[in-house]
Amino acid sequence: MITNRDEAWYALALKVAADSLCSDRHGCVIVRAGSVLSLATNRAVVSHPVSNRYLKQALHAEQRAILRAHDCEGATLYSARLHVNAISTPCAMCQTLIEEAGISRIVFHDGRKLVKIAS
């Protein structure tokens with residue numbers, strides 16, 4: 001069940017996403033016991049002018065937030081996408097990182113509503 005707190009933390013993840021410089025803006029907030037452990041946007045990987053033009057690469061917001069948090073055991077991760085298509089389900093790679101980090105719950109938008117799942 002989505003609570004008012006979940007909605008507030010998700011709203012913060014949307015605000016974080018607004019700071020992304022990528023065309024497809026994502027934000028992530030990791031929270032435990034009412035405190036923010038970490039927040040991050042997705043970020044383009046810049047390595048070479050030719051590859052930058054033809055190969056669109058990015059570090060995912062979830063990846064960056066987990067790296068910054070250090071200890072995520074038992075936390076909740078809020079994944080948001082600031083886009084016409086609001087679906088913000090973490091990709092398979094990020095879901096694996098979320099599980100490995102010990103994050104207990106994930107809140108994201110499924111295109112119709114906010115969803116909370118156990119990881």
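Anything mentioned here points back to the structure above.
How each quantity is defined
- Residues numbered from 1 in each chain as written.
- Predicted model: local features only at pLDDT ≥ 70, side-chain atom pairs only at ≥ 80, totals over all residues.
- Heavy atoms only, no water.
- Helix = DSSP H or I, 4+ residues; strand = E, 2+ residues; numbered from the N terminus.
- Contact = heavy atoms within 4.5 Å.
- Areas by Shrake-Rupley, 256 points an atom, 1.4 Å probe, with all protein chains shown as cover.
- Lys, Arg positive; Asp, Glu negative; His and termini not counted.
- Charge placed at Lys NZ, Arg CZ, Asp CG, Glu CD.
- Pairing = 2+ DSSP bridges.
- Axes fitted to C-alpha atoms, helices over the stretch in contact; angles between N-to-C directions.
- 1 Å grid on protein atoms, 1.4 Å probe; cavity = no way out; pocket = protein on both sides within 12 Å on 5 of 7 lines; lining within 4 Å.
- Points joined across faces, edges and corners; volume = space filled by probe spheres on them.
- Nonpolar A, V, L, I, M, F, W, Y, C, P; charged D, E, K, R; others polar.
- Disulfide = S-S within 2.5 Å.
- Buried < 20%, exposed > 50% of the residue type's maximum accessible area, 1.4 Å probe, protein only.

J.: When you look at the overall build of the protein in this model, what are you seeing that I'm missing?
T.: For the protein, the helix and strand inventory stands at 4 helices and 7 strands. In sequence order, the protein lays out its α and β elements as α-β-β-β-α-β-α-β-α-β-β. C-alpha extents for the protein along the principal axes are approximately 45 × 30 × 20 Å. For the protein, the share of sequence-separated contacts (at least 6 apart) that also reach a separation of at least 24 residues comes to 54%. Within the structure as shown, the protein displays about 7000 Å² of accessible surface, and the carbon and sulfur contribution to it stands at 56%. For the protein, the centre of its 14 positive side-chain charges and the centre of its 10 negative side-chain charges are spaced 7 Å apart.

J.: Would you mind going over the sheet that holds strand β2 (residues 35-41) with me for this structure?
T.: Pairing between the strands of a sheet is mediated by backbone hydrogen bonds and can be parallel or antiparallel. Within the open sheet, the 5 strands sit side by side as β2-β1-β5-β6-β7. Their pairing is mixed. Each having just a single partner strand, β2 and β7 (114-118) make up the two edges of the open sheet. Strand-to-strand twist across the sheet, computed as the mean angle between neighbouring axes with direction ignored, equals 20 degrees. Across 5 bridges, strand β6 (residues 105-109) lies against β7 in antiparallel orientation. Bridged to V107 within β7 is K116. The sheet strands contacting helix α3 (residues 61-69) are β1 (25-32), β2 and β5 (76-82), and the helix crosses β2 at an angle near 140 degrees.

J.: Even after reading the chapter, I still don't get the layout of surface pockets, so can you show me in this structure?
T.: A water-sized probe rolled over the atoms picks out the places where empty space is left. By volume, the second largest pocket is sized at about 150 Å³. In this structure, the second largest pocket is lined by R5, D6, W9, V31, R32, A33, G34, G74, T76, Y78, R105 and K116. When residues of the lining of the second largest pocket are traced back to their parent elements, those giving at least two are α1 (4-17), β1 and β5. Of the residues forming the lining of the second largest pocket, the biggest block, 3 residues, is contributed by α1. Partitioned by chemical class, the residues of the lining of the second largest pocket number 4 nonpolar, 3 polar and 5 charged.

J.: Just to check I follow, could you spell out the state of the cysteines for this structure?
T.: Covalent bonding between the sulfur atoms of two cysteines is what defines a disulfide. In this structure the tally under the stated criterion is 0 disulfides. Cysteine C22 is unpaired, with the sulfur of C94 as its nearest cysteine sulfur at 13 Å. With a relative accessible area of 14%, C22 lands in the buried category. For the unlinked cysteine C91, the closest cysteine sulfur is that of C94, found at 3.7 Å.

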